[in-house]
Amino acid sequence: MRDRRTLFWVIALAVAAGITQLLVWWFKPPPKPVAMVGPPRSSYTLDNFTMHAFDKNGSLGFSMTAPHLARREGNDSLYINAPKYTFNATDGSVWYGTSQYAWVSSDSNLVKLIGKVDMHRPSKGKISEAEIHTADATVWTQDKRMASAAPSVIQEPGSILRGVGMKADFNTRTLELLSDVHATLAPHTHTK
């Protein structure tokens, strides 16, 4: 008698477990489809390349040439060795520069210039030439701005400014040192 009761409970528990599993399968929501926009992007490298990045208005934002570029799978940003680049302002002036490395965001709106950074703006019409020497700078390409927290030197005709931290607005041609500023000014020669 006892064996029959035990057998009954074992069968009842097995049936209950089976029904529970069927209910779980039945009420479980269907798997979500994989959201995929376009073909998957893979890792790649480029050697001796030139890149032109355009802003949201279709104007050339910046150009970059370098011996090596790497893009890693799952991350659309670019890692670049020894870049030479140009950043274009809306007034037509152009900043030419070099750095040890660069990182470019997937939308090309943010560029990090890593290591030693040297930039030069040649004179053009009423725009005077200028140089920036700093390190580890960030450029916001849509806003045409640049900033660095590193020691920086700004050279313009008749002045050399040294300080820590720097901001630049390429559109307004504003160059600003943030702290510990020292200036060397050349005397102006007046014609009579």
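Note: the structure precedes this text.
Since the structure is predicted, the reported quantities are computational estimates derived from the model, not experimental observations.

Student: Can you break down the pattern of salt bridges residue by residue, with the values?
Tutor: For the structure on display, the rule yields four salt bridges. The partner of R173 in a salt bridge is D91, and the shortest N-O contact between them spans 2.6 Å. Of the two residues, R173 sits in the loop between β9 (159-169) and β10 (174-185) while D91 sits in the loop between β4 (84-88) and β5 (94-104), which places them 82 residues apart along the sequence. By relative accessible area, R173 is classed as partly exposed at 39%. Residue K116 is joined to D118 by a salt bridge in which the shortest nitrogen-to-oxygen separation is 3.5 Å. You can call K116 exposed: its relative accessible area is 52%.

Student: Please provide a residue-by-residue account of the packing of aromatic side chains, values included.
Tutor: By convention here, two paired aromatic rings are described through the distance between centres and the angle between planes. For the coordinates displayed, the defined rule picks out five aromatic pairs. Taking the centre distance of 5.4 Å and the plane angle of 70° together, the rings of F8 and W9 count as edge-to-face. Residue F8 is classed as exposed on the basis of its relative accessible area of 53%. For the ring pair W95 and F170, a centre distance of 5.6 Å and an interplane angle of 35° mean the geometry is tilted. Residue W95 is located in strand β5, and its partner F170 is located in the loop between β9 and β10; the two are separated by 75 residues in the primary sequence.

Student: So what's going on with the side chain of S148? Which residues, and what values?
Tutor: Residue placement: S148 occurs in strand β8 (residues 145-156). Using a relative accessible area of 6% as the deciding quantity, one classes S148 as buried. A distance of 3.1 Å separates a polar atom in the side chain of S148 from a polar atom in the side chain of T134. Looking at S148, its side chain comes within polar contact range of the main-chain nitrogen of A150, at 3.1 Å.

Student: Could you give an account of the pairing of strand β3 (residues 78-81), with specific residues and numbers?
Tutor: Residues L78 and I80 of β3 are buried on one face, while the alternating residues Y79 and N81, pointing to the opposite face, are not. Sheet topology places strand β2 (residues 60-71) next to β3; four bridges connect them, and they run antiparallel. Looking across to β3, one finds that A70 is bridged to Y79. Pairing between β3 and β5: four bridges, direction antiparallel. Residue pairing across strands places I80 opposite A102, the latter belonging to β5.

The rules behind these values
- Residues numbered from 1 in each chain as written.
- Predicted model: local features only at pLDDT ≥ 70, side-chain atom pairs only at ≥ 80, totals over all residues.
- Heavy atoms only, no water.
- Salt bridge = Lys/Arg side-chain N within 4 Å of Asp/Glu carboxyl O.
- Helix = DSSP H or I, 4+ residues; strand = E, 2+ residues; numbered from the N terminus.
- Buried < 20%, exposed > 50% of the residue type's maximum accessible area, 1.4 Å probe, protein only.
- Phe/Tyr/Trp six-rings, centres within 6.5 Å; stacked < 30°, edge-to-face > 60°.
- Polar contact = N/O pair within 3.5 Å; in protein donor to acceptor, adjacent residues only side chain to side chain.
- Pairing = 2+ DSSP bridges.

None of this, on its own, says anything about what the molecule does.
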